[in-house]
Amino acid sequence: MNVSVAAAGEIVWMIGIIVWYVIRYPFERRAKRVRIVSHRRSGLDRAALVSALLGLSILPAFYVATGIPRVADYPARFWAIVVGALMFTLAMWVFRRTHKELGRNWSVTLEIRDRHELVCNGPYALIRHPMYTSFLLMGLGQAFLLSNWIAGPAGIVGFAVLFFARADKEERMMLEIFGSRYRDYMSRTKRIIPYLY
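The following refers to the structure shown. (Residues numbered from 1 in each chain as written. Predicted model: local features only at pLDDT ≥ 70, side-chain atom pairs only at ≥ 80, totals over all residues. Heavy atoms only, no water.)

Here's the deal with the environment of Trp-93
For Trp-93, the position within the fold is in helix α3 (residues 78–102). The class for Trp-93 is partly exposed, based on a relative accessible area of 48%. Between the C-alpha atom of Trp-93 and that of Arg-128, which follows or precedes it by 35 residues, the distance is 16 Å. (Helix = DSSP H or I, 4+ residues; strand = E, 2+ residues; numbered from the N terminus. Buried < 20%, exposed > 50% of the residue type's maximum accessible area, 1.4 Å probe, protein only.)

Here we look at helix α4 (residues 130–145)
For α4, spanning 16 residues, the distance from its first C-alpha to its last is 22 Å, which sits close to the expected 22 Å at 1.5 Å a residue. Of all 16 residues in α4, 13 are buried, a share of seventy percent or more. (Expected span 1.5 Å × (residues − 1).)

Considering unusual backbone geometry
With omega at 10°, the peptide bond leading from Ile-68 into Pro-69 counts as cis. You can see Pro-69 is positioned in the loop between α2 (43–66) and α3.

Describing the environment of Gly-139
Within the fold, Gly-139 resides in helix α4. According to the relative accessible area criterion, Gly-139 is buried, its value standing at 0%. Those residues in contact with Gly-139, other than ones at most four positions away along the chain, are Leu-56, Gly-152, Gly-155 and Ile-156. (Contact = heavy atoms within 4.5 Å.)

What about the layout of surface pockets?
Where empty space is left becomes clear once a probe the size of a water molecule has been rolled over the atoms. By volume, the largest pocket is sized at about 850 Å³. Taken together, 38 residues line the largest pocket, and the ones lying closest to its centre are Arg-24, Ser-107, Val-108, Met-131 and Arg-166. Of all the secondary-structure elements, those providing two or more residues to the lining of the largest pocket are α1 (5–31), α2, α4, α5 (154–178) and α6 (180–188). The element best represented in the lining of the largest pocket is α2, accounting for six residues. (1 Å grid on protein atoms, 1.4 Å probe; cavity = no way out; pocket = protein on both sides within 12 Å on 5 of 7 lines; lining within 4 Å. Points joined across faces, edges and corners; volume = space filled by probe spheres on them.)

Regarding the side chain of Lys-169
By the secondary structure assignment, Lys-169 is in helix α5. Here Lys-169 occupies a buried position and makes no salt bridge, while the nearest side chain of opposite charge, Asp-45, is found at 5.3 Å. Residues within four places of Lys-169 in sequence aside, it is in contact with Arg-40, Ser-42, Asp-45 and Leu-110. (Lys, Arg positive; Asp, Glu negative; His and termini not counted. Salt bridge = Lys/Arg side-chain N within 4 Å of Asp/Glu carboxyl O.)

Observations regarding the packing of α5 against α6
Direction vectors running N to C along α5 and α6 enclose 130°, while the axes themselves pass 6 Å from each other. As far as their axial angle goes, α6 and α5 are oblique. Across the interface between the two elements, Glu-171, Met-174, Leu-175 and Phe-178 of α5 pack against Ser-180, Arg-181, Tyr-182, Arg-183 and Met-186 of α6. Along the lines of polarity and charge, the residues of the contact of α5 with α6 split into five nonpolar, one polar and three charged. (Axes fitted to C-alpha atoms, helices over the stretch in contact; angles between N-to-C directions. Parallel < 35°, antiparallel > 145°, perpendicular 65-115°, else oblique. Nonpolar A, V, L, I, M, F, W, Y, C, P; charged D, E, K, R; others polar.)

A word on the nonpolar core
Most often, soluble globular proteins keep nonpolar side chains buried together rather than apart. Formed by 44 residues in total, the largest nonpolar core has its most connected members in Trp-13, Phe-88, Met-92, Tyr-132, Phe-135, Met-138 and Phe-159. Taken together, the elements giving at least two residues each to this core come down to α1, α2, α3, α4, α5 and α6. Of the residues forming this core, the biggest block, eight residues, is contributed by α5. With residues up to four places along the chain from it excluded, the contact list for Met-138 reads Ile-17, Trp-20, Leu-56, Phe-88, Ala-91 and Met-92. (Core = buried A, V, L, I, M, F, W, Y, C linked by side-chain atoms within 4.5 Å.)

A closer look at the pattern of salt bridges
All chains considered together, the criterion is met by five salt bridges. Where Asp-168 meets Arg-191, a salt bridge forms, and the shortest distance between an N and an O atom there is 2.4 Å. In this pair, Asp-168 is assigned in helix α5 and Arg-191 in the segment after α6, connecting sequence segments 23 residues apart. On the basis of relative accessible area, Arg-191 is assigned to the buried category, the value being 13%. Here Arg-191 makes a salt bridge to Glu-171, at a shortest N to O gap of 3.2 Å. Pair noted here: Arg-191 is in the segment after α6 and Glu-171 is in helix α5, with a separation of 20 residues, a long-range link.

Structure below.
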C-alpha cells in the first residue's frame, strides 16, 4: 500500500487526537465525582472552549474526512510530517503529565474543587499553564501535519482564543484562593513556555 505524504500527516494527526481522548477520558470521569466549591464559568469561557474544539478537532477532522476545502491544499513535505509528529508526541507527553500532576484538581472549565491544592510539581515546576502548552504544541503540530492553509493553522487559532480568553481569569482565581503562595509561584515560573513566556 502506497500512502502519500499528505495522507501520512492526516493519519498521524488522527492517531494524536485518539491518544488525546484516551488520556483525557479517565480524568473526565473522575472529575465528576469531586465536588466543585466555586467556578468562574461564563459565556466567554464556553465560547473559548468551543473555539479550541473547532480549531483543534472539528474543522481538521472535517478536512481529513472530506478533503474540503481542497482549494487551500498545498504540497505536503516529509520533513514537515516528521516535525508535526514530534510536536504532537511532545504535546501528548505534556498533556498526560499535566493531568497526572493535577489529579483530582483537574477540570475542563475554571473551577475550584473540594480540597483543591496548588500543584507545583512536574511541568508545573517550570510553567503555570502546561495544559495550554500542550494545546499550543498540538496546534503547531497540526499546522505541520495537515497540508491545508485552513485546517492546518486552525489549531493555533483555537488555542490562541482559548489561552487569551482564560489565562488571566485563571490566574486571578488562583490568586484569590492561594494568595501569596500563588504570587510566589508566579514569580518563579513562566506562563506556557519555560524560561521565555
